[in-house]
Amino acid sequence: MIIPRGGAARGDWRLPPQPAESIDRSAPVRFRWNGTTYGGFAGDTIASALAASGVRVFSRSLKYHRPRGILTADGDDPNCLVQVDDEPNVRAGHRLVRPGMAVRAQGVWPTLQVDVKALNQVVGRFLGPGFYYKTFIAPRQLWPTYERVIRRFSPGGPVPPAPPTGRYDQRVVHRDVLVVGGGPAGMAAAVGAAGGGASVLLVDEQHALGGHLRWADGSDRTRLAELRRAVAEATSIEVMTDAVVTGRYDGHWVSVLQRSVPGVVERLVKVRTQQIVVAAGLIERPYVVAGNDLPGVMLSTAVRRLINLYAVRPGARAVVLTANGEGDAAARDLDRAGVDVARVVDPRRGEDIVSIRGRGRVEAVELSDRSTVTCDLVVTATGWTAPLSLLTMSGARAAYDPVAARFFATGLPDDVLAAGGVAGAGDLDAIVEQAGAAGRESAARATAAAGRSPVAVPGLAAGAHPALFTGRTDGMVDLAEDVSAKDLKAAVAEGYNSLELVKRYTTVTMGPTQGRLEAVNAIAVVAAATGGSIAETGTTTGRPPYAPVSLGALAGRNYQPVRHSPMHAWHVAHGARPLVAGLWIRPDHYGDPAAEVRTVRSAVGIIDVTPLGKFELTGTDVPRLLELLYVNRWQKLAVGSVRYGVMCTEDGVVLDDGVTGRLAPARYLLTCTSSGAGAVEDWIALWLQTEHPDWDVRVVPVTDAYASINVAGPRSRELVSRLVEDIDLAPDAFSYMQVRTGRVAGFDDCIVWRIGFTGELSFELHVPAGHGQEVWDRLLTAGADLGVGPFGIEAQRILRLEKGHLVVGQDTDGLTQGFSAGLDWAIKLDKAEFLGQPELRWQHERGDDRQLVGLQPVDGAVLPPESSQILDGGSDGGHIAGRITSSRMSPTLGRSICLGFVSARLARPGTVVTVRLPDGRSVPAAVMPQLAHVDPDGERLRG
Amino acid sequence: MSRLPRYSAVGLLRRGVTGRRWPVVWRHRDLEPSYDVIVIGGGVHGLATAYSLAKNHGITRVAVLERAYLGSGGSGRNTAIIRSNYLTPEGVRFYDRSLKLYETLAQDLNYNVMFSQRGHLTLAHTDAALRTMRWRAEVNKLERIDSEVIGPADIAGLVPELDVSSHPRYPVLGGLFHPPGGIIRHDAVVWGYARAADALGVALHQQTEVTGIDVEAGRVRGVRTNRGSITAPVVVNCTAGWSSLVCDLAGVAVPITTYPLQAAVTEPVRPFLHTVVVSGTLHVYVSQTDRGELVFGAATDPYPSYSTRGTLEFTESVAAHVLELMPSLAPLRVLRQWAGLCDMTPDFSPIMGRTPVEGFLVDIGWGTYGFKAAPVAGETMAELIATDRVPKLIRAFDLDRFADGRLVGERGAAAVGH
Amino acid sequence: MITCPWCGSRDTSEFAYAGEGNPRPDPATASPEAWRRYLYVRRNPDGWTTELWRHRIGCGTYLRLERHRTTDEVRLARAVGGDPA
């Protein structure tokens, strides 16, 4: 039969119905390939449907843009990566056709047939491995241009233009036994394990169970039906098809990527299992010989799949290189399908293919007996690679057996068994028997029946197979990466003479198949080139993921937790601009933070401070704990009193601050910053548990238990008194830095204290969280005549800055020790042991550290952005001597105010420092006598 | 001097025509009984140090001892990001010298290291992060380094795929843009340095593991290896991942904890990302190679370990965070994941220079920022060895700073560190 | 997996690493060098080592446990304040 030149031998290559076919001829499917419409059937893969229509070229190779056709006809086919609609890198040998699919070739320009980049073939002899390391070096300025050209040759499809419309999700599954692979061994193992009382998950990459039995001869197909039935009847076996095990991780986690889940694009199944039975079968290896990447060169399993599963005639006239039973069976299948089997070449009889010839496709084969045979199809069956990744990920080692010409896994740990072809050779009966026993043994181990005797799992012979990796001419080793045997040899000759160096230099095995098809051939070539044996040269160690996993599946539904206070909905409804503060969403302001500041200073404002870290401390030893944690004194804190405290870590660095109050003789409320609450809780627990387990202290985090509202302003006492029943708020009864408990808005168990972050008379209410909204509402209604208004975090920042209160983490950093933060007044070096004491003592002795000071730009209209640098030694550069840490326009003063660090010698009040603004200008600023810019003596606080 | 013919397009052409092979990139050498300098560690730091000793100071009786193959450690596992937008003046000056050396490295070594200065963008999602970006920008600018804080509109122009619209949880408030930053072909830097060092006479010994360090009367005498013992008056620890264990051999205690740092790469897609994008809050950074693969990195693992096994949590977490930034990437597939080991110090700065053992020097503590510093580390360590004076650029990184309480404050700039 | 004496065998993700648990010098009498050795110097060993962890997403107990620094296997976890009876 005459095969027209130029690629697509358009026509009908579909066979009459085949006994084992998985296509549904009653359901035709139309789809597009590079803009042209093609027809197939439900159950066709993209590759099989196109092959049935005579399409021979599916892609262009990475570097040389050589035309490529079907090689394996399954998901690992390196030549069949296509774009489907918006999805790049789809495996056409596995993905089933769907009506209306738009399939395109990737990385070609302008078209698959006429690819300009194929010019690379012309210059191929100059483009050896790593040629780009040897060139594009000079001139340096041209590198970005070279790079732009190189990027045009990237092989992938375009990134999707919009987020996906489909959903990805995850699922967690706990099973006694996981069986990986659903061929005859996998099915037998699953049935065996189920029979042994185990819950089983059976996972197979293909769309149906059966493995290689799906295209087997008649009697084997009967066994297939039996095994399928046994699996279906075992209720404790869950089956996942179109699912691939991608990794084994610490903690007995196994990840499975499952497709074909209704309503879901892809699902990541995380399996926790006691025992794994690996029945992953064998992967057929390509033969490395000149011309082995021409369209028309296929593996024997590809041909058997195409003919038996998809009823596709793979070619018109074939030469078959067969060194094993599968190859022999493929020759028989070809004959049955009406293909002219021109020659069977058998290495077991010493015969070999020398080279494969053709322009753009297979046209002829030169054989070892010097003859040349014309053909359009070359089928190779030269050996098998066991996919040992999951076994090696589990801790086994891979060892090479030269008689079997493949690697085996040894040293399996107790929770993994190997069954079927991956473990050894044997006929169907031997495999089913071995696998069934392995399944029963895994069940016994998983259910850990006491005093049980192990199930005898028969061994499988290693078998024998000719060692056929490369022929006598150089061919492609890694088709996806366009790395030939010649390239590997050249790399070794150039000195990259270990397998790892060769891999990195040539990128062999670094493509989409990640070594599954090509690693062993690569090892064989490198071994020969370095004069070592295959066993010495390299083993195949698996690393997850075994198969590529989408970002969507890994992210799953991608929940991002947030924390809201009970009054969150109110803030949103009243126009609050949200501020993300750690996990909390807080109200930044309600439209005009300067006005909010004025409301607080002149009337009364309320702010939701629920995220404040809060801990209830009870016990007789709480004072000792506070004495240890804080730099100041706490032993004499009376009931009803509140004190501000600063905590430092053992290097003297400021950790956190907050106020702590004594509510009752043995009951305290400790507060800290909202973002530091987790660290403070860890810190307190650490010291109590490691150094003072004998102390009578209990710590309960109550951040979420209380809604907290700060009522601040000259009219705050009036407002709070309208809600509080049993607490005397009069100035002499409830003075500054005091705490009371009582009823607020009719709710019991509330805490009220007078503190002064904002610098105004203020009361902070802590009410049980469920009542937070109601108390908030009541404050607003009760205070309407007082001019009450809500204020947010931004206004609070301005208010506290006016008062010179530092914010840990903003006005301190990871190196700010206590005496640098304006806390001299608080640090009592002479008290008994407290955390941070030694370093603080030494810092105090040095006396030369930078200082946190109040600063005001000389021109009050200039507002230096936070983190503007402070320079020492002139406005033209000079030494960095500090930075602005906080900076705002003060509505109260009508000018800019700042806090910042300056070196010790610049810290004297009145010193004028130079602030470098981001736009390059330098402006003078004066060091203030104290940190507070407004009401430095704190009279408004103590009213 | 150099015995190697130059790599060039003309050379490629000539050898393509004649079919003549290129000479070996580096030679296999026998282990001599003594050297002037022993460098432990055949990664970029060790190789750069050996190269600088030979090139800048004419010291060629140098042995680089590598226990596996060259570049098998951190040098072969990092995500190859080069930048100098650090936080402290000492850090900025140091890393900028390195960046400048990287800019001419391909020409200096006659090996294309493919340094792509495509710009480095660190996103700020909170006010605190924006303050830190501003701090870095200001310090950078004062050192005359190109860095600036840019707003969401400019960010959208640089990276159109980035979701800068108001995001409820991770709004993009701005970012630190550093045009000179970029990515490089990390293996090429290893091979380029190795080839050049070998050409200058340095002995590169692979598969050679140091099993002991001989110290006598407070000074180093030499090392023991699996291939025999060697003496030398100077021994430099240029390892990463195992530097504590090597220092133990010399009896030197160091403030290092080793954490795995994981990374992953996707299948290639057509190049669309022309900037390196980092998010500190989301603990993720992403770049795209010239082949089109996306490379992801994140923060170090949460607990110290010498394991380089990848974890599922890492890929799940990095995928979730990347999709927060660029949701249209969901169908892209992770092809491979790996991990390297990072020696973390308390102040996120390296430890370089002398130790209490005379003649035993260290170039360690490189955390997550070692690869970008290789050229300047090599240059300064070589200077220290050759002149016995500590170069100004590395004075702040001495081992004694911890005993003196003089930590360097780089924690805010080590992209996604602790 | 880590076996917490209170909670039983739990996934490692519930626990947080809390340091090497090295001996702490007396802060009242230690020299700056000794104190800073405690603050900064680390053993960072390979193989089996004792360290401090906390069952943070759980009972909150600080545990002293033995972990292999390369295989990440954990054995022998004891609550620092004493195991439950």
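To be clear, the structure that these remarks concern was listed above.
Model, not experiment: these values are computed from the prediction.

**Overview of the sheet that holds strand β2 (residues 36-42) of chain A**
Residue and element names in this part refer to chain A.
Thinking step 1. Strand order in the open sheet formed by five strands is β2-β1-β7-β5-β6, and the pairing between neighbours is mixed. The open sheet terminates on both sides in strands that have one partner only, identified here as β2 and β6 (87-91). Sheet twist, expressed as the average angle between the axes of neighbouring strands with direction ignored, equals 40°.
Thinking step 2. As paired strands, strand β5 (residues 81-84) and β6 are joined by three bridges and run antiparallel to one another. Residue pairing for β6: L81 is matched across the bridge by R91.

**A closer look at unusual backbone geometry**
Thinking step 1. Here A:P544 and A:P545 are connected by a cis peptide whose omega angle stands at -5°.
Thinking step 2. Take A:P545: it is sitting in the loop between α14 (534-537) and β28 (549-550).
Thinking step 3. Look at A:A311: it is not a glycine, yet its phi comes out positive at around 55°.
Thinking step 4. Along the polypeptide, A:A311 turns up in the loop between α7 (300-308) and β16 (317-322).
Thinking step 5. Judged by its relative accessible area of 0%, A:A311 is buried.
Thinking step 6. One non-glycine residue, B:D388, adopts positive backbone phi at about 60°.
Thinking step 7. Relative to the helices and strands, B:D388 is located in the loop between α10 (374-387) and α11 (401-404).

**Some points on the interface of chain A and chain B**
Thinking step 1. Contacts between chain A and chain B engage 91 residues on the former and 88 residues on the latter.
Thinking step 2. Here chain A packs against chain B, burying approximately 7900 Å² in sum over the two surfaces, 57% of which is carbon and sulfur.
Thinking step 3. Of all residues in chain A, the largest losses of buried area upon contact with chain B belong to A:R151, A:R504 and A:L551, amounting jointly to 11% of the total for that side.
Thinking step 4. Joining chain A to chain B, the criterion identifies 10 salt bridges.
Thinking step 5. Residues B:R309 and A:D250 are paired through a salt bridge, measuring 2.9 Å at the closest nitrogen-oxygen approach.
Thinking step 6. Scanning the region where chain A abuts chain B turns up 45 residue pairs in polar contact (both at pLDDT 80 or more).
Thinking step 7. Per element, the largest residue contribution to the side of chain A that touches chain B is five residues, and it comes from β6(A).
Thinking step 8. A class-by-class count of the residues in the side of chain A that touches chain B yields 47 nonpolar, 22 polar and 22 charged.
Thinking step 9. When β28(A) meets strand β17 (residues 333-344) of chain B, the two strands line up antiparallel, connected through two bridges. Paired with A:V549 across the two strands is B:V334, which belongs to β17(B).

**Points about the pairing of strand β12 (residues 234-237) of chain B**
Residues and elements named next belong to chain B.
Thinking step 1. Burial along β12 is two-sided: V234 and V236 and V235 and N237, pointing in opposite directions, are all buried.
Thinking step 2. As paired strands, strand β1 (residues 37-40) and β12 are joined by four bridges and run parallel to one another. Residue pairing across strands places V39 opposite V236, the latter belonging to β12.
Thinking step 3. Bridge count between β12 and strand β19 (residues 360-364): three bridges; the pairing is parallel. Within β19, the residue paired with V236 across the bridge is L361.

**Here we look at the environment of A:Q141**
Thinking step 1. Relative to the helices and strands, A:Q141 is located in the loop between α3 (131-134) and α4 (143-152).
Thinking step 2. Taking C-alpha positions, A:Q141 is 52 Å from A:F408, a pair spaced 267 residues apart along the chain.

Here is what the cut-offs are and how they apply
- Here, residues in each chain are numbered from 1, in the same order as that chain's written sequence.
- As they are written, the chains are lettered A onward and the ligands numbered 1 onward, keeping that order.
- Totals for whole chains, interfaces and linings use all residues, but because this is a predicted model, local features are given only for residues with pLDDT of at least 70 and pairs of side-chain atoms are given and counted only at 80 or more.
- Side-chain numbers here rest on the full set of heavy atoms in the structure, without hydrogens or water.
- Pairs of strands are assigned from DSSP output, requiring at least two bridges between the strands.
- Helix and strand assignments come from DSSP, with helices taken as H or I runs of at least 4 residues and strands as E runs of at least 2, each series counted from the N terminus.
- Axes here mean lines fitted to C-alpha atoms, for a helix over just the part in contact, with angles spanning 0 to 180 degrees between N-to-C directions.
- Each residue's exposure class comes from its accessible area (1.4 Å probe, protein chains only) as a fraction of the maximum for that residue type: buried when under 20%, exposed when over 50%, partly exposed otherwise.
- Contacts are residue-level and defined by heavy atoms, with any inter-residue pair within 4.5 Å sufficient.
- Two parts placed together each lose some accessible area under a 1.4 Å probe, and the buried area is that loss summed for both.
- Between Lys or Arg on one side and Asp or Glu on the other, a salt bridge is scored when a side-chain nitrogen of the former is within 4 Å of a carboxyl oxygen of the latter.
- Under this definition, polar contacts are N or O atom pairs within 3.5 Å; protein pairs additionally need one hydrogen-donor-capable and one acceptor-capable atom, and for neighbouring residues in sequence, both atoms have to be side-chain atoms.
- Under the scheme applied here, ten amino acids are nonpolar (Ala, Val, Leu, Ile, Met, Phe, Trp, Tyr, Cys and Pro), four are charged (Asp, Glu, Lys and Arg), and all others, including Gly, are polar.

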